[in-house]
Amino acid sequence: MSIVYLNGTFMPIEDAKISPLDRGFLFGDGIYEVIPSYDGKTVGLEPHMQRMFDGLAAIGIKSTRTLEEWKEIIQTLLAKNGNGNLGVYLQVSRGADVKRYHAYPENVEPTIFAMTTAIKAPVEADASKAKGFSVGTTQDMRWKRCQIKSTALLGNVMHFQEGYEGGNDEILLYNADNILTEASSSNAFIVKDGVVITPVLDNQILPGITRKLILDILEKDGSIPFEVRDITMEEVFNADEVWVTSSSKELAPVTTIDGKTVGNGSVGKVWEAAFKLYTAHKFEY
Ligand SMILES: Cc1ncc(COP(=O)(O)O)c(C=O)c1O
């Protein structure tokens, strides 16, 4: 049975109830996080929590839990759910008012919810064994505040569905200038001539924690050069390797884009080297 946390209490998920007037339900008015954990050990806990605090501040929700309190909630939740390969899902909505009205209500307590979801065991950093992802491409039609990890995910959901209906694992998104932004639920990287390249962070992109960790690990290690800059879709189609990254999929190598082969069609050696480094260092964050 799944144990969740709701507004101060741990309980079976069947007992967790929220009001239909909750603004998370009515407006998607909330912030969420997903933190990966393996056998009770989290990856990137503090950067994940910092991003959540930044998101809450950006939308004017007062944080009612400190970092230390969140850490306690997360470790308790993991233990109560058996400490396997688990993603910890956290959500803070603006709370339930007595009416549906757009303006932020005063004196309403945020609704605080946390649960765990099963995530895949990490794959081996071995290019000959890794499964390549297939992705589609489409113009990014989401809102202009993608840096906020809002629970209002319909734009992302519709893009993911478009990829899914095309038989793909993900879908890469590009803006009106044909510049790669990210993917519907992941950040994106390309590799050309041994150089790892990922888009610059701005309002078109979620500042992914996996992306952040990879860049930090690459920088500290120094053996794989990288650049953070605009990437045209032409560069994407001509890349030697393409990866999508997220907390639940880590670094996933892409071998097909819109049905066309990426590079030589097999999972790349730079992915293997970078993923070896990520695997070796991820628990340091
Ligand atoms: C739109 C989007 N971009 C990027 C990411 C990757 O972020 P992270 O590495 O923090 O999981 C996600 C993760 O859910 C996402 O939804």
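In this text the structure is predicted, and so the values were computed from the model without any measurement.

Before going further, it helps to examine the domain arrangement of the protein. Under the domain assignment, the protein is made up of domain 1 (3-118) and domain 2 (133-284). A separation of 26 Å is found between the C-alpha centroids of domain 1 and domain 2. With 21 residues of domain 1 at the contact, the number on the domain 2 side is 17 residues. The contact between domain 1 and domain 2 buries some 1500 Å² in all, and 67% of this surface belongs to carbon and sulfur atoms. Its largest share of buried area at the contact with domain 2, domain 1 owes to Tyr32, Val43 and Arg51, together 39% of the area lost on that side. Summed over the shared surface of domain 1 and domain 2, the number is zero salt bridges. The interface formed by domain 1 and domain 2 holds six residue pairs in polar contact (both at pLDDT 80 or more) in total. For the side of domain 1 that touches domain 2, the secondary structure elements donating two or more residues are strand E3 (30-38), strand E4 (41-42), helix H2 (45-58) and strand E5 (85-93). No other element matches the seven residues that E3 contributes to the side of domain 1 that touches domain 2.

Quick look at unusual backbone geometry now. Trans peptide bonds make up the majority, and among non-glycine residues the majority have a negative phi. Positioned with a positive phi, Asn83 is a non-glycine residue whose angle comes to about 50 degrees. Tracing the sequence through the fold places Asn83 in the loop between helix H3 (67-80) and E5. With relative accessibility at 30%, the residue Asn83 sits in the partly exposed group.

Conventions we followed
- Residues numbered from 1 in each chain as written.
- Predicted model: local features only at pLDDT ≥ 70, side-chain atom pairs only at ≥ 80, totals over all residues.
- Heavy atoms only, no water.
- Domains from an automatic or database assignment.
- Contact = heavy atoms within 4.5 Å.
- Buried area = accessible area lost by both parts, 1.4 Å probe.
- Salt bridge = Lys/Arg side-chain N within 4 Å of Asp/Glu carboxyl O.
- Polar contact = N/O pair within 3.5 Å; in protein donor to acceptor, adjacent residues only side chain to side chain.
- Helix = DSSP H or I, 4+ residues; strand = E, 2+ residues; numbered from the N terminus.
- Buried < 20%, exposed > 50% of the residue type's maximum accessible area, 1.4 Å probe, protein only.

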